[in-house]
Amino acid sequence: MSRIVFVNGSFVPYEEARIPIMDRGFLFGDGIYEVSAVLGGKLIDNEAHLARLERSLGEIQIRNPYPAEKWIELEKEIVRRNGLQEGLVYMQVTRGVAERDFAFPKDVEPTVVMFTQEKNMRAAPAAQKGAAVITVPDLRWKRRDIKSVALLAQVLAKQAAAEAGVAEAWMVEDGKVTEGGSSTSFIITRDGTIVTRQLSTALLPGITRKTVIRLAQEAQLRVEERAFSVEEALDAQEAFLTSATSLVLPVVSIDGKPVGDGKVGPMVRRLRELYLDMADATPA
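Cut-offs used in this document
- Residues numbered from 1 in each chain as written.
- Predicted model: local features only at pLDDT ≥ 70, side-chain atom pairs only at ≥ 80, totals over all residues.
- Heavy atoms only, no water.
- Helix = DSSP H or I, 4+ residues; strand = E, 2+ residues; numbered from the N terminus.
- Contact = heavy atoms within 4.5 Å.
- Core = buried A, V, L, I, M, F, W, Y, C linked by side-chain atoms within 4.5 Å.
- Buried < 20%, exposed > 50% of the residue type's maximum accessible area, 1.4 Å probe, protein only.
- 1 Å grid on protein atoms, 1.4 Å probe; cavity = no way out; pocket = protein on both sides within 12 Å on 5 of 7 lines; lining within 4 Å.
- Points joined across faces, edges and corners; volume = space filled by probe spheres on them.
- Pairing = 2+ DSSP bridges.
- Axes fitted to C-alpha atoms, helices over the stretch in contact; angles between N-to-C directions.
- Patch = residues over 30% accessible without salt bridge, like charges linked within 9 Å, V, L, I, M, F, W, Y side chains within 5 Å.
- Areas by Shrake-Rupley, 256 points an atom, 1.4 Å probe, with all protein chains shown as cover.
- Salt bridge = Lys/Arg side-chain N within 4 Å of Asp/Glu carboxyl O.
- Nonpolar A, V, L, I, M, F, W, Y, C, P; charged D, E, K, R; others polar.
- Phe/Tyr/Trp six-rings, centres within 6.5 Å; stacked < 30°, edge-to-face > 60°.
- Lys NZ or Arg CZ within 6 Å of the ring centre and 35° of its normal.

Enquirer: If you had to explain the environment of Val177 to someone new, which residues and values would you point to?
Expert: Its location among the elements puts Val177 in strand 9 (residues 176–180). Residues Val177 and Arg80, spaced 97 residues apart in sequence, show a C-alpha to C-alpha distance of 39 Å. The residues touching Val177, leaving out its near neighbours within four places in the chain, are Trp170, Met171, Val172, Ser185, Arg197, Phe228, Ser229 and Val230.

Enquirer: With reference to specific residues and values, describe the nonpolar core.
Expert: Within the largest apolar cluster, 23 residues are counted, with the highest numbers of intra-cluster contacts made by Ile194, Phe240, Leu271 and Tyr275. Within the residue set of this core, elements represented by two or more residues are strand 3 (31–39), strand 10 (184–188), helix 6 (207–218), strand 14 (247–254) and helix 8 (266–280). Of all the elements, helix 8 adds the most residues to this core, at 7 residues. Once you skip the residues sitting within four places of it in the chain, Leu271 turns out to touch Ile194, Val212, Ala216, Leu221, Phe240 and Val248.

Enquirer: So what's going on with the side chain of His49? Which residues, and what values?
Expert: Within the secondary structure, His49 is located in helix 2 (residues 46–59). Since its relative accessible area comes to 2%, His49 is described here as buried. For His49, the contacting residues outside a window of four places in its chain are Glu34, Val35, Ser36, Ile44, Ile207 and Ala244.

Enquirer: Any details on empty space enclosed by the protein? Residues and values, ideally.
Expert: Tallied over the full model, the rule gives 1 cavity of 30 Å³ or more. The calculated volume of the largest cavity comes to roughly 40 Å³. Lining the largest cavity are Gln237, Glu238, Ala239, Pro250, Val251, Val252, Val259, Lys263, Val264, Gly265 and Val268. Among the elements of the structure, strand 13 (238–243) and strand 14 are those that each provide at least two residues to the lining of the largest cavity.

Enquirer: So, the sheet that holds strand 3: which residues are in play, and what are the values?
Expert: On the basis of which strands lie adjacent, the open sheet formed by 6 strands has the order 2-1-6-5-3-4 and antiparallel pairing. Strand pairing shows two members of the sheet lacking a second neighbour, strand 2 (10–13) and strand 4 (42–44), which therefore form its edges. Averaged over all neighbouring strand pairs, the angle between strand axes comes to 30 degrees, with direction disregarded. In this sheet, strand 4 lies alongside strand 3 in antiparallel orientation, the contact comprising 3 bridges. Pairing of Val38 across the sheet is with Leu43, part of strand 4. Where helix 2 meets the sheet, it contacts strand 3, strand 4 and strand 5 (86–94), and its direction lies at approximately 175 degrees from that of strand 3.

Enquirer: Describe a nonpolar patch on the surface, and please don't skip the residues or the numbers.
Expert: A surface patch of nonpolar side chains, amounting to about 430 Å² of accessible area, comprises Leu139, Leu152, Val155 and Leu156. On the secondary structure map, Leu139 appears in the loop between strand 7 (131–137) and helix 5 (152–164). Of the residues examined, Leu139 reaches a relative accessible area of 59% and is grouped as exposed.

Enquirer: I'd like a rundown of the pattern of salt bridges, residues and numbers included.
Expert: Note that side chains of opposite charge can pair when their charged atoms are close. Tallying each qualifying case throughout the model produces 23 salt bridges. The partner of Glu59 in a salt bridge is Arg143, and the shortest N-O contact between them spans 2.8 Å. Residue Glu59 is found in helix 2, and its partner Arg143 is found in the loop between strand 7 and helix 5; the two are separated by 84 residues along the sequence. Residue classification places Arg143 among the partly exposed residues on the basis of a relative accessible area of 26%.

Enquirer: Lay out the side chain of Ser185 in plain terms, naming residues and giving numbers.
Expert: Inspection of the secondary structure assignment puts Ser185 in strand 10. If near-sequence neighbours (up to four positions away) are discounted, Ser185 is found in contact with Trp170, Val177, Glu179, Gly180, Val195, Thr196, Phe228 and Phe240.

Enquirer: Describe the layout of surface pockets, with residues and values.
Expert: Using a probe with the size of a water molecule, rolled over the atoms, empty space left in the structure can be pinpointed. Roughly 330 Å³ of volume is contained in the second largest pocket. Around the second largest pocket sit 17 residues that line it, and Leu43, Asp45, Asn46, Glu47 and Thr282 are the ones nearest its centre. Taken together, the elements giving at least two residues each to the lining of the second largest pocket come down to strand 4, helix 2, helix 3 (68–81) and helix 6. Top contributing element to the lining of the second largest pocket by residue count: helix 6, with 4 residues. Grouping the constituent residues of the lining of the second largest pocket by class yields 7 nonpolar, 4 polar and 6 charged.

Enquirer: Summarise the packing of aromatic side chains; cite the residues concerned and give the values.
Expert: The relative placement of two aromatic rings is captured by the distance of their centres and the angle of their planes. Under the defined criterion, the tally for this structure stands at 8 aromatic pairs. Ring centres 6.4 Å apart and planes at 65 degrees place the aromatic pair Phe6 and Tyr66 in the edge-to-face group. Highlighted residues: Phe6 in strand 1 (residues 4–7) and Tyr66 in the loop between helix 2 and helix 3, separated in sequence by 60 residues. A residue is classified by how much of its surface remains accessible, and Phe6, at 1% relative accessible area, is buried. What makes Tyr66 buried here is its relative accessible area of 18%. Their ring planes at 10 degrees and their centres at 4.4 Å tell us that Phe186 and Phe240 sit as a pair that is stacked. With a gap of 54 residues between them, Phe186 in strand 10 and Phe240 in strand 13 connect regions that are remote in the sequence. With a relative accessible area of 0%, Phe240 lands in the buried category. Grouped by ring-pair contacts, the aromatic residues Phe6, Phe11, Tyr66 and Trp71 constitute a single cluster. For Arg3, the ring lying beneath its charged end belongs to Tyr14, and the centroid distance is 5.2 Å. Positioned above the aromatic ring of Phe104, the side-chain terminus of Arg95 is 3.6 Å from the ring centre.

None of this, on its own, says anything about what the molecule does.
This is the structure in structure tokens:
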């Protein structure tokens, strides 16, 4: 069966999907995207992802083409049509199609694209053995809180990670870790405090980040939102990263040096279990 995708109001086979070359997402990276996880055929943390989509669109003055209820209907339908049990739904909205000009065009309809991808998340091998990361300079623009489709700096960071044979690249600016190429960075200090960088325009407000912080606080774990250095991370007891499709993923080495004893630690295991319990309890 061909994969079914969504393009501008229609569900079509992947092979038939078309976008005009004058689409501003293609020409300028002028668009926003979101990714919602699917576990057990259910959308996880989805309302928060749609709220972030709404915010990002507003920040660059693109009209949200659908209310949240319609987005949810479309997401559930594309999950159903593709028989997806575990993976992701990708949503993208660009400013639309117009002759190439930097200024915003008038009276154009946003372009909307959705597709699904299968991904092994619950039983991912890295969740059991831990992931390695490297550090790279943060080369991005100053509005990283907007989930823009313009991801060249992240592509370069992720390529550096791939060439190094590791799972992720942690980006560093002014001596402090901002976030991963497609994830939020966390450490757990030797006194058991969970630390992640405070929200600002320097990083994306991660949805899984937000949920993990809430779950940790509900479990009476200490959470501190502040910047941390690579040196502090290497001195930490444990480290991990979060994203919609990595969930809670332990980090056991940074730049080839072990974090703690170089093994997956008990606190990260507990946080991952808390997140999966939350996901399992999510209504269909």
